[in-house]
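Architecture at a glance
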Amino acid sequence: MRAVGLHADVVVATSRAYQTTCTLVRAGGEAFCIDSPVFPDELEIVPALAEQAGFTVVGLLATHADWDHLLGRYAFPDAPLGCAETTAARLVSDPGNAQRKLREFDEELYVERPRPLSLPSAQRLPVPGKLEVGERELELQPTDGHTEDGMAIWVPWARVLVCGDYLSPVEIPMIQGKGTLSGYLATLDRLEPLVEQSDHVVPGHGPPIDGARAAAILREDRGYLEALRSDGEAAKLPLARRTAEQRKIHARNVAHTGSHTR
Ligand SMILES: [Zn+2]
């Protein structure tokens, strides 16, 4: 796991699995842990990483309800979980989904965990809205399209955007579950002004990137989605993300958008 400081109040750890990111944000003696790394040894290190950097984690935040972002309780077993209303609704409507997906991953890779994943009932945060941390405020923006739920977190004083599964340098836009192509495009429009102000963007998968690179990825992703809408399978993948795995995601996007309202 790699950890980098983006600002005196923002530290990001990137997991060895899917390059899933975990972001610690602090103000006035309080800190939140946003999303999570995946492997047990990585989750075990996060509290020490936080302590070393002088971050007192008082709560967990999740950008969305996909299992690989929900493992923070392994690092901070007593911390409450906050998320968007849409994410809380998804957790309630599909209980056990995260545990099931985690078990599949663990069985495939022979990973052992100290205990089953416990997910407390989540605190529903107003999105769009603000969330206090210490004497500062985080700004929450709705994100949907990848899935039907989620939020991006803007840290105004550090000019850092933690956006969940959008703007990834390693993964093409992925539309799954009840996510939609039109929702995804609308989310990119909503994120754009924040990306333009940002020094750093933390995607759900892949290392933190600077604002200019994120803006370029946003344009590429918009181009890809527009091509997906008009040309389906023939849509070209962003140049730097044309691996076999990304082509599989593209094939799933084609199947998904072909059978749903565009
Ligand atoms: Zn994800």
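The model shown is predicted, which means the values in this text are computed figures rather than measured ones. Numbers given to residues run from 1 along each chain, matching the order in which its sequence is written. The model is predicted, so local features are restricted to residues of pLDDT at least 70 and side-chain atom pairs to those at 80 or more, both for listing and for counting; the totals for chains, interfaces and linings are taken over all residues. Just so you know, side-chain values use all the structure's heavy atoms and leave hydrogens and water out.

Any N, O or S atom lying within 2.8 Å of the metal counts as a donor, and for Na, K and Ca the limit rises to 3.2 Å; water is left out, so some sites can look incomplete. Note on the zinc ion: its protein donors are His-69 (NE2), Asp-165 (OD) and His-205 (NE2). The metal-donor distances range over 2.1 to 2.2 Å. Read N to C, the donor residues that coordinate the zinc ion are spaced as H-x95-D-x39-H. Highlighted residues: His-69 in the loop between β5 (57-61) and α2 (72-75) and Asp-165 in the loop between β11 (160-164) and α5 (181-197), separated in sequence by 96 residues. Residue classification places His-69 among the buried positions, given a relative accessible area of 1%. Exposed residues in this analysis have more than 50% of their type's maximum accessible area, buried residues have under 20%, and partly exposed residues fall in between, with area computed by a 1.4 Å probe over protein chains only. Judged by its relative accessible area of 9%, Asp-165 is buried. Each helix is a run of H or I in the DSSP string that is no shorter than four residues. Each strand is a run of E no shorter than two, and both are numbered from the N terminus.

The next thing to look at is the pattern of salt bridges. We define a salt bridge as a side-chain nitrogen of Lys or Arg found within 4 Å of a carboxyl oxygen belonging to Asp or Glu. Counted by the stated rule, this structure contains 16 salt bridges. Residue Arg-16 pairs with Asp-41 through a salt bridge whose shortest N-O separation is 3.1 Å. Placement of Arg-16 in the loop between β2 (10-14) and β3 (21-27) and of Asp-41 in helix α1 (residues 40-53) is noted, with a sequence separation of 25 residues between them. Of the charged contacts in the structure, one is a salt bridge between Asp-106 and Arg-113, with a shortest N-O distance of 2.8 Å. As far as the burial class goes, Asp-106 and Arg-113 line up, both buried.

Before going further, it helps to spend a moment on the packing of aromatic side chains. Centre distance within 6.5 Å is the pairing criterion for rings of Phe, Tyr and Trp, where only the six-membered ring of Trp is used; planes under 30 degrees apart are then read as stacked, over 60 as edge-to-face, and the remainder as tilted. Counted under the stated rule, the structure contains five aromatic pairs. Judged by centre distance (5.8 Å) and plane angle (50°), the ring pair of Tyr-18 and Phe-105 falls under tilted. In this pair, Tyr-18 sits in the loop between β2 and β3 while Phe-105 sits in helix α4 (residues 97-109), placing the two residues 87 residues apart along the sequence. A ring pair is formed by Phe-39 and Phe-105, whose centres lie 5.8 Å apart and whose planes are at 50°; its orientation type is tilted. Note that Phe-39 is positioned in the loop between β4 (30-34) and α1 and Phe-105 in helix α4, a separation of 66 residues in sequence. The pair formed by Phe-39 and Phe-105 is uniform in burial state, with each residue classed as buried. One aromatic cluster in this structure is built from Tyr-18, Phe-39, Trp-67 and Phe-105. Whether a charge sits over a ring depends on NZ of Lys or CZ of Arg being within 6 Å of the ring centre and within 35 degrees of the ring normal. The aromatic ring of Tyr-74 is capped on one face by Arg-113, whose charged end is 5.6 Å from the ring centroid.

Time to look at unusual backbone geometry. Along the chain, Val-127 connects to Pro-128 via a cis peptide bond; the corresponding omega equals 0°. Positionally, Pro-128 belongs in the loop between β7 (123-125) and β8 (129-133). Although it is not a glycine, Asp-35 sits at a positive phi angle of roughly 60°. Along the chain, Asp-35 turns up in the loop between β4 and α1. We classify Asp-35 as buried; its relative accessible area is 3%. At Arg-159, a position not held by glycine, the phi torsion is positive, near 50°.

So yeah, pure geometry; function would need other evidence.
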